[in-house]
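Secondary and tertiary structure notes
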Amino acid sequence: NIKFSTMLNWFKKIALLEGISFLVLIFNMLVLKPNYFDTYKLILKPFGMLHGVLFILYIILAFLLKDEKKWNLKDFSIIILASFIPFGTFWVDKTYLN
């Protein structure tokens, strides 16, 4: 199914970008904010907005793919919760999206 494979490819890309943006925000708040005072603000707003949009897309695509991939409630919950954990979306890609 072309539609399904396209959506799956988009989900993989969004998962990767969402994970990267999350790590950038964590690095920004844990490393830059304490050491470089106001420099962290330059990264916070654009990456915060980007991360928010990517997070919403990740959740929407997960819901759309749930039936196609035949994820049960446990797997689906893990996929959703992984977006709250650093490196979680990378693990989802390796574990559930191949």
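Refer to the structure presented above.
Residues numbered from 1 in each chain as written. Predicted model: local features only at pLDDT ≥ 70, side-chain atom pairs only at ≥ 80, totals over all residues. Heavy atoms only, no water.

1. Considering helix H4 (residues 88–96)
Since one α-helical turn is 3.6 residues long, residues separated by three or four positions face the same way. Applicable threshold: Note on classification: 1.4 Å probe, protein chains only; a residue is buried when its accessible area is under 20% of the maximum for its type, exposed when over 50%, partly exposed between these limits. Only DSSP runs of H or I covering at least 4 residues are called helices, and only runs of E covering at least 2 are called strands; the numbering of each starts at the N terminus. What the arc covers is the set of directions going from the helix axis to the C-beta atoms.
Considered for burial, the residues of H4 that qualify are Gly88, Thr89, Val92 and Tyr96. Buried residues of H4, seen end-on, are gathered within an arc of 95° and therefore sit on one face of the element.

2. Here we look at the pattern of salt bridges
Quick note on the threshold: Every case where a carboxyl oxygen of Asp or Glu lies within 4 Å of a side-chain nitrogen of Lys or Arg is listed as a salt bridge.
The tally for this structure, following the rule as stated, stands at one salt bridge. One salt bridge connects Lys12 with Asp93, and the closest N-O pair in it is separated by 4.0 Å. Of this pair, Lys12 sits in helix H1 (residues 2–36) while Asp93 sits in helix H4, and the two are 81 residues apart along the sequence.

3. Some thoughts on a nonpolar patch on the surface
Basically, it comes down to this: Here the term patch refers to residues with relative accessible area over 30% and no salt bridge, with like charges joined within 9 Å and nonpolar side chains (Val, Leu, Ile, Met, Phe, Trp, Tyr) within 5 Å. Each accessible area is a Shrake-Rupley estimate made with a 1.4 Å probe; only the visible protein chains count as cover when residues are assessed.
Side chains of Leu16, Leu17 and Ile20 sit close together on the surface and give an oily, nonpolar patch of about 250 Å² of accessible area. Mapped onto the secondary structure, Ile20 falls in helix H1. Here Ile20 falls in the partly exposed class, since its relative accessible area comes to 39%.

In short, geometric facts, not functional conclusions.
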